[in-house]
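What follows is the residue order along each chain.
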Amino acid sequence: MSRVLLVGAGRHQRRVIQRAHELGLEVVAVDRNADAVGLAEADVAEVVDFSDLGAVVELGRRHGVEGVVTFAAERAVPVVAAVAEELGLPGMGAETAHLMTHKVAQRRRLAEAGVPQPRFAAARDLHEAHAALETVGVPAVLKPADSAGQRGLFRIEGLDDLDRHLHAALAESASGEVIVEGFLDGREVNTLFVIRDGVPSLVTLSDRIRPAGVGFGVALTHLYPSTLFGYGLEQAEETAGSSLRALGMPVGIGYPQLLVGDNDDVDIVEVAGRIPGGQMVDVALHGTGVDLIEVTLRQALGEAVPDELVRPRFSQPLAIFFLTAEPGPLPTGCVKSFGGLERVLSSPGVVQADLFLVEGETIRPVQRDGDRRGYVIAVGDTNLEALERAETAARLVDVEVE
Ligand SMILES: Nc1ncnc2c1ncn2[C@@H]1O[C@H](COP(=O)(O)OP(=O)(O)OP(=O)(O)O)[C@@H](O)[C@H]1O
Ligand SMILES: [Mg+2]
């Protein structure tokens, strides 16, 4: 029986363990948190901080793993690539993993390849940040060079904003670096690709609906198929594919995020080299029948993934609606009690839903993806019908706060 090493074993990663078991694989799971729910379901559990590369390599070797994977965890991407390289297993390579996870390195490579993107500049301190904003102009976006989940992400209107937020952005960066880039107006489109032998195949293109204000980066809803059409759609597909080719990803899941302006001009926001979090895996699964987790597991083991596993099998309109405070249906405050998931699940069109609420925790206004406290996935004859159904079902969640 083949063994795979799963780097990170939190709640969201249990799906990988379940799918691996269905495919007849054994899972060695690593997480620094002994209570991580995935550890209990894995065949072998190791409590190790995966940022300790040497320790992960050692246990991978000791357990004779034949592949290394992660799911949704940006921080694990360079680790998976490095461990695979050390153990001589399939992977994207440490150099590519750096391009896929370091926003400055990535933008530099995209610039060399002429892939459309906003102006950008890197900075390590206030002096450099002022110069960066000078180069980029306002409005701008400030982000840690290497982080995810919208941590330390700010819209910048002037030097005051930069002075106020730089520290928080730097604090989220392991390499102590930020990127300042032009703020892009427009509609956001997210794409999922499977890459085989350096060739990206498009699986889905979907709309990411976001709130106005400080939470401007958070996905409130994923809508599939995208409402984009004609030239804009063509441009988005073309630009997304060219970004992955420019970054040289040989194998894996590619997740280019794009912004489409009023004139159908397309710019790259960011390109991830992993299955994204936030239920994106379900856009592919419910929308097209493509199982990105199975693809990832097979690629990690060095299996050739056939077209049948990559080509969309159908196109089912769907909406993934996240439960958040305003503009979502949840109140803000300390959670006293909650319920209603059963009602949501039996609501028309709903195919999957979950609540991540915990009694005693605080629901905050939406600022980053971690502020989403659950989701509802509904299907329909059109994406808008699916959205209406998901929204209707989401209102059946009952949350009492104090
Ligand atoms: N330059 C920009 N202009 C407009 N919106 C932006 C810009 N950069 C980021 N955003 C918004 O913020 C979101 C998150 O940005 P980005 O992916 O760079 O940060 P992240 O912390 O890596 O988040 P994620 O985990 O979603 O990848 C984008 O999907 C987009 O909605
Ligand atoms: Mg990111």
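Residues numbered from 1 in each chain as written. Chains lettered and ligands numbered in written order. Predicted model: local features only at pLDDT ≥ 70, side-chain atom pairs only at ≥ 80, totals over all residues. Heavy atoms only, no water.

Glancing now at the overall build of the protein chain. In terms of helices and strands, the protein chain carries 13 helices and 19 strands. Here the protein chain has a C-alpha radius of gyration of 21 Å; the compact-globule value for 402 residues is 21 Å, and the two agree. The C-alpha extent of the protein chain, read off along each of the three principal axes, is 55 × 50 × 45 Å. Across the 402 residues in the protein chain, those meeting the buried criterion constitute 56%. A separation of at least 24 residues holds for 66% of the contacts in the protein chain among residues at least 6 apart in sequence. Accessible surface, the protein chain as shown: approximately 16,800 Å² in total, 49% of it carbon and sulfur. Counting 36 positive and 59 negative side-chain charges, the protein chain places the averaged centre of each group 1 Å from the other. (Helix = DSSP H or I, 4+ residues; strand = E, 2+ residues; numbered from the N terminus. Rg over C-alpha atoms; globule rule 2.2 N^0.38 Å. Buried < 20%, exposed > 50% of the residue type's maximum accessible area, 1.4 Å probe, protein only. Contact = heavy atoms within 4.5 Å. Areas by Shrake-Rupley, 256 points an atom, 1.4 Å probe, with all protein chains shown as cover. Lys, Arg positive; Asp, Glu negative; His and termini not counted. Charge placed at Lys NZ, Arg CZ, Asp CG, Glu CD.)

The next point concerns the packing of helix 7 (residues 126-136) against helix 8 (residues 159-171). At a minimum axis distance of 11 Å, the contact between helix 7 and helix 8 shows a crossing angle of 145 degrees. Seen from above, helix 7 lies across helix 8 with right-handed handedness. Facing L126, A129, H130 and L133 of helix 7, the residues of helix 8 in contact are L159, L162, D163 and L166. Among the residues forming the contact of helix 7 with helix 8, the class breakdown is 6 nonpolar, 1 polar and 1 charged. (Axes fitted to C-alpha atoms, helices over the stretch in contact; angles between N-to-C directions. Left-handed = near helix turned anticlockwise from the far one by under 90°. Nonpolar A, V, L, I, M, F, W, Y, C, P; charged D, E, K, R; others polar.)

This next bit is on the domain arrangement of the protein chain. One frequent convention defines the size of an interface as the accessible area lost when the parts assemble. Annotation of the protein chain at the domain level lists domain 1 (3-89), domain 2 (119-182), domain 3 (192-281 + 288-311) and domain 4 (317-402). Taken residue by residue, the interface counts 8 residues in domain 2 and 6 residues in domain 3. Where domain 2 packs against domain 3, one counts 0 salt bridges. Joining domain 2 to domain 3, the criterion identifies 0 residue pairs in polar contact (both at pLDDT 80 or more). Mapped onto the side of domain 2 that touches domain 3, the elements with two or more residues apiece are strand 6 (140-144) and strand 7 (154-156). Its residues assigned to classes, the side of domain 2 that touches domain 3 comprises 4 nonpolar, 1 polar and 3 charged. (Domains from an automatic or database assignment. Salt bridge = Lys/Arg side-chain N within 4 Å of Asp/Glu carboxyl O. Polar contact = N/O pair within 3.5 Å; in protein donor to acceptor, adjacent residues only side chain to side chain.)

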